[in-house]
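Inside the fold
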Amino acid sequence: LSERLESSLEELKQKNLQLEKDIVAQKRFIANASHELRTPLSLIKGYTEELSSGFVASKEQQEIYLGIISEESTKIKRMINEMLDLSRLESGRMELNPEEFILKKKLEEFVDKYSGFISKNNLEVSLESDKDTKCSYDLMRFEQILANFLSNAAKYSDEQKIIIIT
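Let me sum up the structure you'll find in this document. Note that the structure is a prediction, hence the values are computed from the model and not measured.

1. Remarks on the overall build of the protein chain
Along the protein chain, the regular secondary structure elements total five helices and four strands. Starting at the N terminus and ending at the C terminus, the protein chain contains elements arranged as α-α-β-α-α-β-β-α-β. Against the compact-globule benchmark of 15 Å for 166 residues, the protein chain has a radius of gyration of 23 Å, which places it well outside the compact range. For the protein chain, the C-alpha atoms occupy an extent of roughly 80 × 55 × 30 Å along the three principal directions. Residue pairs in contact within the protein chain that sit at least 24 positions apart in sequence constitute 78% of those at least 6 positions apart. Counting only carbon and sulfur atoms, one obtains 54% of the accessible surface of the protein chain, whose full area is about 13100 Å². Of note, the protein chain has its 24 positive side-chain charges centred 4 Å away from the centre of its 30 negative side-chain charges.

2. What about helix H3 (residues 103-113)?
Within H3 the residues assigned to the buried category are Leu-107, Phe-110 and Val-111. Taken around the axis of H3, the buried residues stretch over an arc of 95 degrees, which confines them to a single face. Along H3, exposed side chains directed more than 90 degrees from the buried face belong to Lys-105, Asp-112 and Lys-113.

3. Some thoughts on the packing of aromatic side chains
Counted according to the given criterion, the structure contains five aromatic pairs. Between Phe-101 and Tyr-137, the ring centres sit 6.0 Å apart and the planes meet at 50 degrees, which makes this aromatic pair tilted. Of this pair, Phe-101 sits in strand E1 (residues 98-102) while Tyr-137 sits in strand E3 (residues 134-138), and the two are 36 residues apart along the sequence. Judged by relative accessible area, which is 6%, Phe-101 ranks as buried. These aromatic residues form a ring-pair network of at least three members: Phe-101, Tyr-137 and Phe-142.

4. Section: the packing of H3 against helix H5 (residues 139-156)
Where H3 contacts H5, the axes come no closer than 11 Å and their chain directions differ by 55 degrees. Compared by their axis directions, H3 and H5 come out oblique. At the point where H3 passes H5, the crossing takes the right-handed sense. For the pair H3 and H5, contact is made by Leu-103, Lys-106, Leu-107, Phe-110 and Lys-113 and by Leu-139, Phe-142, Glu-143, Leu-146, Ala-147 and Leu-150, respectively. Taken together, the residues of the contact of H3 with H5 sort by class into eight nonpolar, no polar and three charged.

Criteria and thresholds
Residues numbered from 1 in each chain as written. Predicted model: local features only at pLDDT ≥ 70, side-chain atom pairs only at ≥ 80, totals over all residues. Heavy atoms only, no water. Helix = DSSP H or I, 4+ residues; strand = E, 2+ residues; numbered from the N terminus. Rg over C-alpha atoms; globule rule 2.2 N^0.38 Å. Contact = heavy atoms within 4.5 Å. Areas by Shrake-Rupley, 256 points an atom, 1.4 Å probe, with all protein chains shown as cover. Lys, Arg positive; Asp, Glu negative; His and termini not counted. Charge placed at Lys NZ, Arg CZ, Asp CG, Glu CD. Buried < 20%, exposed > 50% of the residue type's maximum accessible area, 1.4 Å probe, protein only. Arc of directions from axis to C-beta. Phe/Tyr/Trp six-rings, centres within 6.5 Å; stacked < 30°, edge-to-face > 60°. Axes fitted to C-alpha atoms, helices over the stretch in contact; angles between N-to-C directions. Parallel < 35°, antiparallel > 145°, perpendicular 65-115°, else oblique. Left-handed = near helix turned anticlockwise from the far one by under 90°. Nonpolar A, V, L, I, M, F, W, Y, C, P; charged D, E, K, R; others polar.

Rendered as structure tokens:
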């Protein structure tokens, strides 16, 4: 009985330490998320106030401001969805729906779908795969990961902006 009690106490101590680490990580995450959300919200508020005050008279400038507001709103929505996904993942409630597909075909479809983004950002994307490899992934998450990689490539690649997917 004494050994079981000692073992249970040790297990409880370990879980308590992990809980403390999780709380610190959660506080850091909330602080970072708050900081990341503050910037786009400030932009949206500023541009909205300028539009509603009548300060911006030209139609062209109004459309530019509305475009910025829309873009920043999209960023906020994406960040919130990512936080929700992370929360689901950490709690073990994220549901994945794996489907079998041919990798090369899905990559080609992805490049076609994002051709406007690729063109707009002057990216040169090439696929280096001649195999018909079958995969089983959650297609929505798969595309989300690819879109994230493509977005990062547009922001952080060198001036040649050559993206090779292998």
